[in-house]
Amino acid sequence: MNDNRLIIISYRLPFSFKTENRVTSVKASAGGLVTAVKSLDLPPSAPKPVWVGCADFSQRVWEKHKHLVNDDFEYVPVFLDKTTNKGFYNGFANSVLWPLFHYFPAYIDYHDDYLTAYKAANQAVCDKVVELLQPDDLVWVHDYHFLPLPMLIRQSQPSATIGFFLHIPFPSYELLRLLPGKCRSYLLNGLLGANLVGFHTTDYRVHFLQSVRLSLGFSHRLGTIVTPQTKVQTGTFPIGINYSLFHDASADEEVVQERLDLKRSYPDKIIFSVDRLDYTKGVMQRLDALEVLLKQHPDWIEKLVFILVVVPSRDQIQTYWERKQMIEQAVGRINGQFGTLTWLPIVYRYSDVTFSQLVALYTACDIALITPVRDGMNLVAKEFVASRQDQQGVLILSELTGAANELGEALLVNPLDEYEVADRLLYALTMPPDEQRQRMITMQARISGYDVRQWANDFIDALLTTQQADQTGQAV
Ligand code: GDG
């Protein structure tokens, strides 16, 4: 890193305001992106980085309470009107791009006015960024909410240095072509405004390069796309986690106490999962697998418990609240079918848990059952591995996650095959401690070597390289 000022753009800012009994306080939010950006190695001489995002509070609240938000960033909220924000976020971003990029074409709900709102929101964010932008700033745009933003900024500031990182999968061209041609070209052209476009895996990157060639006619040379106006480098940057945070937390006093409480309440084998409420996370398929296991192996009845934490998310979108109902029906059905007067197979919680509870669950469980049907990376799998100081516990992981590329010692499964998942559950329930240790040690060595700080620094270093190459006129 050098002394350039960093401008981060993400849909959400990393905090929210909470008012209780007329007292307003600030709540910092966690999550992969926030942790990543906050752990960047910025030199002490670097100017304060700026974080631009869409406000989920009013301008009046911001003016009154912004003094409460006091950390290493300067925050710049963009205030969108309600209709634009709804069409942008619930509409185009989460009812078109999200299902499409996660291979759920049947869930796409495309309307032209969603696209209009998406364009308006991107323009509003662009206007704000351009207002702030100074020579030598590095702009880092995050995720599918802002695919057109790099080109919008570039059109107004041709010499800006712009990086873009996609946190979700980039689908194969066969999926992308479901979008109307004008819309597809608009989105792909938007990304070509960046100097560097980053993905979690090489597959996603290859899909992007193919889509650009087939939709726009620009081929690439060793991952660099040259158009008459721009030169765009692409790269693979698998996001990591704050490894030491999770590893060390397992010995925190609060976590130890929570873990003891859990072990006392659930003395048998514990299977655990935590996900945002989302059809991509494969919760229904996971429940089907548990049902198969208990049907085929009734000797496990009363000898295990599945702690299923589902974190509320996007519940104003139909496919999301419908999913919640489906999950709750399935939990009720399985508990009714296999439960006894003193035991239930599933403990279900629809809420978030604190960091200490999360680490206690990661370290109390015998099996982490992580079976998304599509996931850009999946940080939960990495956090589970990092937190196991005891080198015990089995990870069952969907092969359709980005994380599966790095966690080959997990029991990899196809989440749609409930018989395979049930079979792997059975194997995990009886896996000898030595085998658990061997697998865990290898995974820990791998993910501790490339943590979130390194991920963020690598991306910024690669972005700086494109800037230097542009300045000296050499090919990237
Ligand atoms: C997107 C991509 C990609 C969850 N529940 C609680 C809680 N969490 C934290 C986890 C983890 C994060 O939220 C979830 O990250 P994931 O990667 O699993 O999933 P997405 O939210 O879908 O993230 C994904 C990621 O971006 C990063 O690029 O990996 O593929 O979809 O950090 O720990 N934290 C606490 N309580 C909870 O109840 N404290």
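Residues numbered from 1 in each chain as written. Predicted model: local features only at pLDDT ≥ 70, side-chain atom pairs only at ≥ 80, totals over all residues. Heavy atoms only, no water.

Side note on the nonpolar core
Stated precisely, the cut-off is as follows: Remark: nonpolar core denotes a set of buried residues (Ala, Val, Leu, Ile, Met, Phe, Trp, Tyr, Cys) joined through side-chain atoms within 4.5 Å. Classification of residues uses two cut-offs on accessible area relative to the type maximum, computed with a 1.4 Å probe and protein chains only: under 20% is buried, over 50% is exposed, and between them is partly exposed. Contact definition: two residues touch when any of their heavy atoms are within 4.5 Å.
Counting residues in hydrophobic clusters, the biggest one holds 100 residues, and the most contacted among them are I9, V52, F88, F170, F208 and L287. Ignoring anything within four residues of it in the chain, the contact list for F170 reads F101, Y103, L176, L188, L191, F199, Y204, H207, F208 and S211. By size, the runner-up hydrophobic cluster in this structure holds 70 residues, among which are I270, V305, V353 and I460.

Considering unusual backbone geometry
Despite not being glycine, D136 has its phi angle at roughly 80 degrees, a positive value. Exposure remark for D136: the relative accessible area of 53% places this residue in the exposed category. The backbone of E302 sits at a positive phi, close to 70 degrees, despite the residue not being glycine.

Some points on helix α8 (residues 202–216)
Here is the rule: Each helix is a run of H or I in the DSSP string that is no shorter than four residues. Each strand is a run of E no shorter than two, and both are numbered from the N terminus. One less than the residue count of a helix, multiplied by 1.5 Å, gives the span that helix is expected to have.
The terminal C-alpha atoms of α8 lie 21 Å apart, and with 15 residues this matches the ideal 21 Å at 1.5 Å per residue to within 8%. Every buried residue of α8 is listed here: Y204, R205, H207, F208, L209, S211, V212, S215 and L216. Its buried side turned inward, α8 meets α6 (173–176), α7 (181–191), β8 (196–199), β9 (220–221), β10 (224–226) and β11 (231–236).

So, the confidence of the model for the protein
Interpretation of this model should avoid reading the predicted coordinates in detail wherever pLDDT is low. Put simply, the rule reads: As a per-residue quantity, pLDDT reports the predictor's confidence and falls between 0 and 100.
Predicted confidence across the protein gives a mean pLDDT of 94, with 97% of residues reaching 70 or more. Among the prediction metrics, the complex's ipTM stands at 0.99, with pTM recorded as 0.96.

Things to note about the sheet that holds strand β7 (residues 161–165)
Applied cut-off: Between any two strands, at least two bridges found by DSSP are needed for them to pair. Under this scheme, a helix contributes an axis fitted over its contacting stretch, all axes are lines through C-alpha atoms, and angles between N-to-C directions fall in the 0 to 180 degree range.
Across the sheet, nine strands lie side by side as β5-β4-β1-β6-β7-β8-β11-β10-β9; this open sheet has mixed pairing. At either end of the open sheet lies a strand with only one pairing partner, and these are β5 (74–78) and β9. Bridge analysis of strand β1 (residues 6–12) against strand β6 (residues 138–142) gives four bridges, and the strand direction is parallel. In the sheet register, I7 faces β6, and the bridge partner there is V139. The sheet strands contacting α8 are β8, β9, β10 and β11, and the helix crosses β11 at an angle near 155 degrees.

Considering the pairing of β11
As defined by bridge partners, β8 adjoins β11 across four bridges and the pair is classed as parallel. Its bridge partner lying in β11, V197 is registered against T234. Pairing geometry for β10 and β11, over three bridges, is antiparallel. Bridging across to β11, I225 finds its partner in V232.

Some thoughts on the pattern of salt bridges
Side chains bearing opposite charge may pair, as long as their charged atoms lie close to each other. Let me state the cut-off plainly: The term salt bridge refers to a side-chain nitrogen of Lys or Arg lying within 4 Å of a carboxyl oxygen of Asp or Glu.
Counted by the stated rule, this structure contains 19 salt bridges. Notably, a salt bridge pairs R5 with D137, separated by 2.8 Å at the nearest N-O pair. Placement of the pair is R5 in the segment before β1 and D137 in the loop between α4 (112–132) and β6, with a sequence separation of 132 residues. What makes R5 buried here is its relative accessible area of 12%. Residue classification places D137 among the buried residues on the basis of a relative accessible area of 5%. Of the charged contacts, one joins K295 and E291 as a salt bridge, the two residues approaching to 3.8 Å between their closest N and O atoms.

Quick word on the packing of helix α10 (residues 253–265) against helix α13 (residues 355–364)
Let me state the cut-off plainly: Should an angle fall under 35 degrees it is called roughly parallel, over 145 degrees roughly antiparallel, and 65 to 115 degrees roughly perpendicular, with every other angle called oblique. For a crossing to be left-handed, the near helix must be turned anticlockwise from the far one by less than a right angle; the clockwise case is right-handed. Under the scheme applied here, ten amino acids are nonpolar (Ala, Val, Leu, Ile, Met, Phe, Trp, Tyr, Cys and Pro), four are charged (Asp, Glu, Lys and Arg), and all others, including Gly, are polar.
Between α10 and α13, the shortest axis-to-axis distance is 8 Å and the interhelical angle comes to 55 degrees. Here α10 lies oblique to α13, going by the angle between them. Between α10 and α13 lies a crossing whose hand is right-handed. Residue-level inspection shows E254, V255, E258, R259, L262 and K263 of α10 in contact with α13, the latter providing S356, Q357, V359, A360, L361, T363 and A364. Residue composition of the contact of α10 with α13, grouped by class: six nonpolar, three polar and four charged.

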